[in-house]
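# Structural features, examined
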Protein chains: 2
Amino acid sequence: MPLRPSVPPTVAVRVVVDDSPETAAALTARIAEHGGSLRTLSTVRRLPSDDGAPAGAELEIEVEGIDEAALIAALEALPSVRSTRLTRALDRVFGKRVIVVGGGAQVAQVALGAVSEADRHNLRGEKISVDTIPLVGEDAIAAAVRAVADLPRARLLVLAGSIMGGDITRAARELREHGIPIIALNMAGSITSEVDLVVSDPVQAGTMAVMAIADTATFDLERQRGRRY
Amino acid sequence: MPLRPSVPPTVAVRVVVDDSPETAAALTARIAEHGGSLRTLSTVRRLPSDDGAPAGAELEIEVEGIDEAALIAALEALPSVRSTRLTRALDRVFGKRVIVVGGGAQVAQVALGAVSEADRHNLRGEKISVDTIPLVGEDAIAAAVRAVADLPRARLLVLAGSIMGGDITRAARELREHGIPIIALNMAGSITSEVDLVVSDPVQAGTMAVMAIADTATFDLERQRGRRY
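About the criteria used
- Within every chain, residues take consecutive numbers counted from 1 along the sequence as written.
- Labels follow written order: the first chain is A, the first ligand is 1, and so on.
- In view of the model being predicted, local features appear only for residues whose pLDDT reaches at least 70, and side-chain atom pairs are presented and counted only at 80 or more, with totals across whole chains, interfaces and linings using the full set of residues.
- The basis for every side-chain value is the complete set of non-hydrogen atoms in the structure, without hydrogens or water.
- Only DSSP runs of H or I reaching four residues or more are called helices, and only runs of E reaching two or more are called strands; each is numbered from the N terminus.
- To sort residues, take the accessible area from a 1.4 Å probe on protein chains only and compare it with the maximum for the residue type: under 20% means buried, over 50% means exposed, and anything in between is partly exposed.
- Note on definitions: a residue-residue contact is assigned when non-hydrogen atoms from the two residues lie within 4.5 Å.
- In these tables, accessible area is a Shrake-Rupley quantity obtained with a 1.4 Å probe, and a residue counts as shielded only by the protein chains included in the view.
- Lys and Arg are tallied as positive, Asp and Glu as negative. Neither His nor the chain termini are counted.
- Where a charge sits is defined by one atom per residue type, namely NZ (Lys), CZ (Arg), CG (Asp) or CD (Glu).
- Put simply, buried area is how much 1.4 Å-probe accessible surface two parts lose in total, over both of them, once they are put together.
- Salt bridge criterion: a side-chain nitrogen from Lys or Arg within 4 Å of a carboxyl oxygen from Asp or Glu.
- Contacts described as polar in this section are N or O atom pairs within 3.5 Å, which, within protein, must combine one atom able to donate a hydrogen with one able to accept it, while residues neighboring in sequence count only if both atoms come from side chains.
- Each residue is assigned to one class: nonpolar for Ala, Val, Leu, Ile, Met, Phe, Trp, Tyr, Cys and Pro, charged for Asp, Glu, Lys and Arg, and polar for all the others, Gly among them.
- A pair of strands is treated as paired once DSSP finds two or more bridges between them.
- A residue counts toward the fit only if its pLDDT is at least 70 in both copies, and the copies are then superposed by least squares on the C-alpha atoms of those residues.
- As a rule, the C-alpha atoms of each element are fitted with a line to give its axis, helices using only the stretch in contact, and angles between N-to-C directions run from 0 to 180 degrees.
- Our angle categories are set so that under 35 degrees counts as roughly parallel, over 145 as roughly antiparallel, 65 to 115 as roughly perpendicular, and the remainder as oblique.
- A crossing counts as left-handed when the near helix is turned anticlockwise from the far one by less than a right angle, and as right-handed when that turn is clockwise.

A separate point is the overall build of chain A. Each helix and strand in chain A was counted, giving eight helices and nine strands. C-alpha atoms of chain A, sized along the principal axes, occupy 60 × 35 × 30 Å. By residue count, 59% of the 229 residues in chain A fall in the buried class. Residue pairs in contact within chain A that sit at least 24 positions apart in sequence constitute 74% of those at least 6 positions apart. Carbon and sulfur atoms form 51% of the exposed surface of chain A, whose accessible area is close to 8,800 Å². Computed over 25 positive and 30 negative side-chain charges, the separation of the two mean positions in chain A equals 6 Å.

Right, dumping it as structure tokens:
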């Protein structure tokens, strides 16, 4: 189960468009004509219709296989495009993500360890973010575990709680099959048998999570698989 | 400067496709034909070519204005689509995001307050995430502040550091013009004159950040604007 490989660079552009179902189709057709592949599209703001102008939307898009000038020129030629400006691809700004899910008290302690460790690696040129959500209940946590597979740039999940099992354990198995490893705190429930590493101290769990995805660290999760600390 | 309004619900689908520039164009054209608007597209995994099969990609897409069954049927009919499955839109799982950027020690303390407070609101039906990155240097922090405008579901930024000014202050002004409020720790530099609220204690800053975006709280950032605690 390898970590996700690094991917080719993308060009990032903020585009303000007329908001209609046809707009995304026109954008992507235009990008494809120029040999680009749309990798990311986020609708970051809706603009209400104003003084007869139709409703608009601000989109952040990332495209692979085309250079900045060609992309801007291609998009500017579309009638539904109101303006464009180059931005920075989010992976260059926020980098790889460690996701922490579970109970508030433990999530906060894992975040403490992970943020402190990410600081040390980011000082040496890494870009690692620590993203968290405190949740309660088997359904909400299992849904979050499954959804980590859908989060861009998510590289590792830390499950921080006191008891997890049932559907959370099934979701953990699915997530690992998607290539995202999991570190869990030592806790009650079946979850600890389905993760890559079990760590009792939440601050250390956060620290190890960041070490596992940092190119600037020598920690190899493969060699730690199945261990408990 | 209103907070971002709530937006119509979307249908979320995981799609495995042949990876070519034409694929996104074919998907969006098909979605538009059925009256849907593509709101989000993330490339969550690349699949190498295998045994003569072309390279593939796993995409997570969110579409507005079309129901689940119609979207799946429309996509399944495309030759470049290998498989589809319904997922949950990320805003239903991870909800609104507080972003915390700055020095490691302070980011960790803001996260402690924010995660603890988010826990209390998420128990009552909210969905609030706390996403962090420790960074050093004016350029890196200014780029992160600008990029918060591009992050889906970002609702509020906390700047956690000991000195920030120059281009970070300009970036803060731009971000607030995009409708995203900012809370800063009390610190050296010009940043504290360009934010909505200044808070000396990092745990309280994190707590107030979550209260400001929680529908389950009564804290109104509008009424606190310009204050220092």
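After presenting the structure, the write-up continues.
Listed by partner, the interface residues are 67 residues for chain A and 67 residues for chain B. The three residues of chain A that bury the most area against chain B are Arg39(A), Arg46(A) and Asp150(A), which together make up 13% of that side's buried surface. Viewed at the interface, chain B and chain A are joined by six salt bridges. Measuring nitrogen to oxygen at the nearest pair gives 2.1 Å for the salt bridge that ties Arg14(A) to Asp150(B). The interface formed by chain A and chain B holds 20 residue pairs in polar contact (both at pLDDT 80 or more) in total. Secondary-structure elements contributing two or more residues to the side of chain A that touches chain B are helix 1 (21–33), strand 2 (37–47), strand 3 (56–64), helix 3 (90–93), helix 4 (104–122), strand 6 (128–134) and helix 5 (138–148) of chain A. The element contributing the most residues to the side of chain A that touches chain B is strand 2 of chain A, with 10 residues. Looking at the side of chain A that touches chain B residue by residue, the class counts come to 33 nonpolar, 15 polar and 19 charged. Of the strand pairs in this sheet, strand 2 of chain A and strand 2 (residues 37–47) of chain B are connected by three bridges, and their pairing is antiparallel.

It is worth spelling out the environment of Ala171(A) at this point. Residues and elements named next belong to chain A. Residue placement: Ala 171 occurs in helix 6 (residues 167–177). When the C-alpha positions of Ala 171 and Ala 212 are compared, they lie 21 Å apart, and in sequence the two are 41 residues distant. Residues in contact with Ala 171, not counting those within four places in the same chain, are Ala 142, Val 145 and Arg 146.

Moving on, we come to the relation of the copies chain A and chain B. Superposing chain A onto chain B takes a rotation of 180° plus a shift of 0.0 Å along the axis, which leaves an RMSD of 0.0 Å. Such a combination of rotation and displacement between the chain copies is what one expects of a two-fold axis. No C-alpha of chain A lies nearer the rotation axis than that of Asp131(A), which sits 2.0 Å from it. When the interface residues of chain A are mapped onto chain B, 100% of them again lie at the interface, so the same face is used by both copies.

Neighbouring strands of a sheet are bound in pairs by backbone hydrogen bonds; such pairs are parallel or else antiparallel. What the eight strands build is an open sheet, ordered 4(A)-1(A)-3(A)-2(A)-2(B)-3(B)-1(B)-4(B); its pairing is antiparallel. Strands at the two margins of the open sheet, each flanked by one partner only, are strand 4 (81–86) of chain A together with strand 4 (81–86) of chain B. Averaged over all pairs of adjacent strands, the angle between their axes in this sheet comes to 25°, without regard to strand direction. Two strands pair when backbone bridges link them, and strand 2 of chain A and strand 3 of chain A are joined in this way by nine bridges, in the antiparallel orientation. Looking at the pairing, Ser37(A) lines up with Glu64(A) of strand 3 of chain A.

Read from one edge to the other, the open sheet built from 10 strands follows the order 9(A)-8(A)-7(A)-5(A)-6(A)-6(B)-5(B)-7(B)-8(B)-9(B), with strand pairing classed as mixed. One side of each edge strand has no neighbouring strand; the edge strands of this open sheet are strand 9 (197–199) of chain A together with strand 9 (197–199) of chain B. Between one strand axis and the next, the sheet turns through 20° on average, direction left out of account. Here six bridges tie strand 5 (residues 96–102) of chain B to strand 7 (residues 154–160) of chain B, and the two strands are oriented parallel to one another. Paired with Ile99(B) across the strands is Leu157(B), a residue of strand 7 of chain B.

So, on to the pairing of strand 3 (residues 56–64) of chain B. Residue and element names in this part refer to chain B. With nine of nine residues buried, strand 3 is to be regarded as a mostly interior element. The alternating pattern of strand 3 places Gly 56, Glu 58, Glu 60, Glu 62 and Glu 64 on one face and Ala 57, Leu 59, Ile 61 and Val 63 on the opposite face, and all of these are buried. With eight bridges connecting them, strand 1 (residues 11–18) and strand 3 associate as antiparallel partners. Counted as the bridge partner of Asp 18 is Gly 56 from strand 3.

Considering all chains together, one arrives at 40 salt bridges over all chains under this definition. Asp18(B) serves as the salt-bridge partner of Arg82(B), at 2.7 Å between the closest nitrogen and oxygen. Here Arg82(B), found in strand 4, pairs with Asp18(B), found in strand 1; they are 64 residues apart in sequence, far enough to count as distant. For Arg82(B), a relative accessible area of 37% puts it in the partly exposed group. If you follow the salt bridges from partner to partner, you end up with Arg14(A), Arg45(A), Glu58(A), Glu60(A) and Asp150(B) in one network.

In this section: the packing of helix 1 of chain A against helix 1 (residues 21–33) of chain B. Where helix 1 of chain A contacts helix 1 of chain B, the axes come no closer than 8 Å and their chain directions differ by 160°. The angle between helix 1 of chain A and helix 1 of chain B falls in the class roughly antiparallel. Remark: the crossing between helix 1 of chain A and helix 1 of chain B carries left-handed chirality. Along its contact with helix 1 of chain A, which presents Pro21(A), Glu22(A), Ala24(A), Ala25(A), Thr28(A), Ala29(A) and Ala32(A), the element helix 1 of chain B presents Pro21(B), Glu22(B), Ala24(B), Ala25(B), Thr28(B), Ala29(B) and Ala32(B). By residue class, the composition of the contact of helix 1 of chain A with helix 1 of chain B is 10 nonpolar, two polar and two charged.

Bear in mind that shape data such as this cannot, by itself, settle questions of function.
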